[in-house]
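# Chains, contacts and geometry: an overview
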Amino acid sequence: MQSEVLIIAEIALHYLLLVGIVLVGTALRFWNLDLKPLWMDEVITALFSFGRSYYDVPLGEAVTLSTLEQLFEWNRAATCAGIAQTISVQSVHPPLFFCWLHSWLGWVAPIEQSWVWKLRALPAIAGVVSIGVMYTLNRIAFSKTAGVFAALVMAVSPFAVYLSQEARHYTVPMVMIAIALLGLIQIQQDLHKQQIRPAIWIGWSIVNGIGFYVHYFFVLAVIAQVVTLIGLYGWQCQRGVGSRRHGRTLVLSIALLALFYLPGLPTFLSHIGRSETDWLKASHTGILAAIAPLYQLVAGWLVMAIALPVENQPLGIAISAGVLMLLFGGWLGWRIIAGLRWLWLDPKTHWQTVMLMGFVTCVVVEFLAIVYGLNKDITQVPRYNFIYFPAVCALVGASLWAKNTKAPKIDKRLASLSSVIVFVVGVLSCGFVVYNLVFLKPYEPSNVAQTMNAPGRSLVIMAYKDFQDIALGLSFALALPPEETFAFVSRLQGYNALWQSLSALNPQQPPHHVWMIAPGLRQTDFPAMLSTGGKLCRLNTANYHRIGIPYQGYDCDK
C-alpha cells in the first residue's frame, strides 16, 4: 500500500512539474508580447496576413500615421488563394503560414488587445506547443524524466522565446519539425523491432510535406531526416537485418514527399533567384569569409541557452556579458558532452542518440554547404537555427538527465543542480529578450523613432526603390508617435529627381522638421536645403545618423 502511494505521489509530482514548466514557458512567451516595435520582416508578415499587399500602401503623398495603421485592419474579403498569389509575386516565402495567420486574425478580432499582440500571439502559442511536443519526443525516445528536462530547456531558452515573440514563420515549422522527429524516432524503433506501423510513416510524410509550404528551409530538415533514415537502413542491410519491406516503405515515403513538393516547386525555383535573397551573401571578405561562419555557428548554439546584453552596450558591460556567456557555455558544453557519452554507451538510448545527432550533423553540413558552395551565409542569421533546434533541445535535455551507472546518486544530484542553473540563466536571459536588450532588430526602428522625436511636427520621408524599402519604411512609421506625418517617395529615377519631387508633397500641416531616410546615400550626398510641404528646410549637421541605412534631419522655416 505504501509503495502504491509513493508511486502515485511520484507520478503526480512528475506532471505537476511538467505543468509548472509549461506555465513558465507560456508566461515568458506572452510577457510584454507587444512591447517591441515591429521590424521589417514582421511588417511584411502583417501586410500579407491582414489580406493586404504593397499596392495598398499610399505612395508619393504625405499621410498621417493613422492612415498607415488602416493597412493593418483585417481584410475579411481576402482569401488564402489571393494571399498565396500576392506572396508569390511580392515575397519569397511559401504561403501557408500567412493563410493560417489571416484566419487566426479573424478569430481573435473581437479580443481587446492591440493588433501587434494578436499578430504575435499565434507564433507565441506555437512556442508553447513546442514545449509539450519536446516532452513527448524525449519521453518516447528516452524516458519521462528526459522529457521533463527537454521541456524545461525549450521553455526557458532565450532563443525559443525570441522566436515565439516574432510575428514570423519560425515557431510553427519548429513545432512541425519536432513532430517529424517524433515520427523519425518511432520509425527507428520500429526498424529495430522489424515492424512497420503505416500510420507513423504516413503521418511523418504528411508533416514533412506540409512543412515545405510553411517555410522553404523546412526542406533542409527533410533531407537530414531522409539521410539519417537511409543511413540507419543501410547499416541494418550491411548486417543482414535490413528488411526489403522497410526499404520499399522508405522509398514510397520519399516518393510521397516528392508528390507533396511538386505543386510548389516552380514558385520555389522562381523565388531562389530573386533580389530579396541577396542580403544573405557573405558580409566578410578574405580569411574572415572562411572562418566567420564557423564561429557564427557556435555563437548561434550559445544563445540557445544564454543571451546577455552584448550588442550596443558600453565596452565594459559587453566584455563582462561575453565572458559570462562563454563560461556558462563551457560548463554546459561539458555537461552535454558527458551526458551524450552515457547516452551513446547505453544500449537503451544508443540509437535514439545516433538518430538525433545524425539529424543535427546533417543540417549543419547543409548550412556549411550553402555558405561555402552558394555563397549564402545563413549562419549570420541565428533565427535559421530553428531548423535543428528541436533536436538540440532533445539532446540537451536527455544529456542533463543521463546517468553515469557507476555513480548514479552523484549524477542525480548533478542533474538537479544543472536543471536549476539552466532554469535561472534561461529565465534571466528571456527577460533581456523581452525588453529588447538582446537579439536586436535590424535597423532598430525603436531607436530611429526615438532619435526623430523632437519638439514640433515632423515629416518623415522614406526614399524607396523596391518592396523591401517600403516594408522598412513602414517599420519606422509604426514606431513613430501618431501625430507625425510620413511619405514614401520613389528613388527609381535617382536622388536628383527625388529632391525635385519633394515640393509636390502637401502634408495637412506644414512640418517643423523633415527627416530624410535615404538608402545608399553618403552624408555628403544630402542637399543643404529641401523644399517640401510649402516650407524651406535646412540640413542640420548634428542630425545625421546611420543604422544600416542613413537618415538626415532638416529644420524648416517658421
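In this report, we go over the structure that sits alongside the text.

Analysis parameters
- Residues numbered from 1 in each chain as written.
- Predicted model: local features only at pLDDT ≥ 70, side-chain atom pairs only at ≥ 80, totals over all residues.
- Heavy atoms only, no water.
- Helix = DSSP H or I, 4+ residues; strand = E, 2+ residues; numbered from the N terminus.
- Rg over C-alpha atoms; globule rule 2.2 N^0.38 Å.
- Buried < 20%, exposed > 50% of the residue type's maximum accessible area, 1.4 Å probe, protein only.
- Contact = heavy atoms within 4.5 Å.
- Lys, Arg positive; Asp, Glu negative; His and termini not counted.
- Charge placed at Lys NZ, Arg CZ, Asp CG, Glu CD.
- Expected span 1.5 Å × (residues − 1).
- Bend = angle between axes of the 7 residues up to and from the residue.
- Pairing = 2+ DSSP bridges.
- Core = buried A, V, L, I, M, F, W, Y, C linked by side-chain atoms within 4.5 Å.
- Axes fitted to C-alpha atoms, helices over the stretch in contact; angles between N-to-C directions.
- Parallel < 35°, antiparallel > 145°, perpendicular 65-115°, else oblique.
- Nonpolar A, V, L, I, M, F, W, Y, C, P; charged D, E, K, R; others polar.
- Patch = residues over 30% accessible without salt bridge, like charges linked within 9 Å, V, L, I, M, F, W, Y side chains within 5 Å.
- Areas by Shrake-Rupley, 256 points an atom, 1.4 Å probe, with all protein chains shown as cover.
- Salt bridge = Lys/Arg side-chain N within 4 Å of Asp/Glu carboxyl O.

All right, on to the overall build of the protein chain then. The number of helices and strands found in the protein chain is 21 helices and seven strands. Scaling as 2.2 N^0.38, a compact globule of 558 residues should have a C-alpha radius of gyration of about 24 Å, and the protein chain matches this with 26 Å. The C-alpha extent of the protein chain, read off along each of the three principal axes, is 85 × 55 × 50 Å. For the protein chain, the proportion of its 558 residues judged to be buried stands at 54%. Within the protein chain, counting contacts between residues at least 6 apart in sequence, those at least 24 apart form 77% of the total. Positive and negative side-chain charges of the protein chain, numbering 36 and 27 respectively, have mean locations separated by a distance of 12 Å.

Quick look at helix H6 (residues 115–141) now. Taking 1.5 Å per residue, 27 residues should reach 39 Å; H6 reaches 40 Å between its end C-alpha atoms and fits that length. Its maximal kink placed at Ala121, H6 deviates by approximately 35°, while the proline Pro123 follows within four residues. Most of H6 sits inside the fold, with 21 of its 27 residues counted as buried.

Between its first and last C-alpha atoms helix H11 (residues 218–238) spans 30 Å; for 21 residues at 1.5 Å apiece the expected length is 30 Å, and the two agree. Buried within H11 are the following residues: Phe218, Leu220, Ala221, Val222, Ala224, Gln225, Val226, Thr228, Leu229, Leu232, Tyr233 and Gln236. Looking at the buried positions of H11, the neighbouring elements they touch are helix H9 (171–193), helix H10 (198–211), helix H12 (244–261) and helix H16 (350–374). Positioned one or two residues after H11, Gly240 has a phi angle of 75°, which is positive.

The next point concerns the environment of Gln188. Relative to the helices and strands, Gln188 is located in helix H9. Between the C-alpha atoms of Gln188 and Trp39, which are 149 residues apart in sequence, the distance is 42 Å.

A word on the side chain of Glu42. Residue position: Glu42 is located in helix H2 (residues 40–49). The exposure class of Glu42 is buried, given its relative accessible area of 0%. Residues within four places of Glu42 in sequence aside, it is in contact with Pro37, Leu119, Arg120, Gln165, Glu166, Ala167 and Arg168.

Let's shift gears to the pairing of strand S2 (residues 458–464). Within S2, seven of the seven residues are buried, which leaves it mostly tucked inside the rest of the structure. Note: S2 against strand S4 (residues 513–517), five bridges, orientation parallel. In the strand pairing of S4, Ser458 is matched with His513. Sheet topology note: the S2/strand S3 (residues 485–490) ladder contains six bridges and is parallel. Within S3, the residue paired with Tyr464 across the bridge is Ser490.

Formed by 164 residues in total, the largest nonpolar core has its most connected members in Phe359 and Tyr388. Element by element, the count of residues in this core is highest for H6, at 14 residues. The next biggest cluster of nonpolar side chains, apart from the first, holds 21 residues, and it includes Leu498, Trp499, Leu502 and Leu505.

The next thing to look at is the pairing of S4. Within S4, five of the five residues are buried, leaving the element largely enclosed by the surrounding structure. Residues His513, Trp515 and Ile517 point to one face of S4 and Val514 and Met516 to the other, with burial holding for every one of them. With five bridges connecting them, S4 and strand S7 (residues 549–556) associate as antiparallel partners. Opposite His513, over in S7, you have Asp555 as the bridge partner.

A pair of packed helices is captured by two measures, namely the crossing angle of their axes and the spacing between those axes. In the contact formed by H9 and H11, the axes pass within 11 Å of each other and the chain directions differ by 10°. Classed by the angle they form, the pair H9 and H11 counts as roughly parallel. On the side of H9, the interface is formed by Pro173, Met176, Ile177, Ala180, Leu181, Leu184, Ile187, Gln188, Leu191 and His192, while H11 contributes Phe218, Ala221, Gln225, Leu229, Leu232 and Gln236. Its residues placed into classes, the contact of H9 with H11 shows 12 nonpolar, four polar and no charged.

What follows concerns a nonpolar patch on the surface. A cluster of nonpolar side chains, namely Leu256, Leu259, Leu262, Leu265, Leu269 and Ile272, defines an oily patch on the protein surface of about 530 Å² accessible area. Looking at the nonpolar patch, the element that brings in the most residues is helix H13 (residues 265–272), giving three residues. Within the element layout of this structure, Leu269 appears in helix H13.

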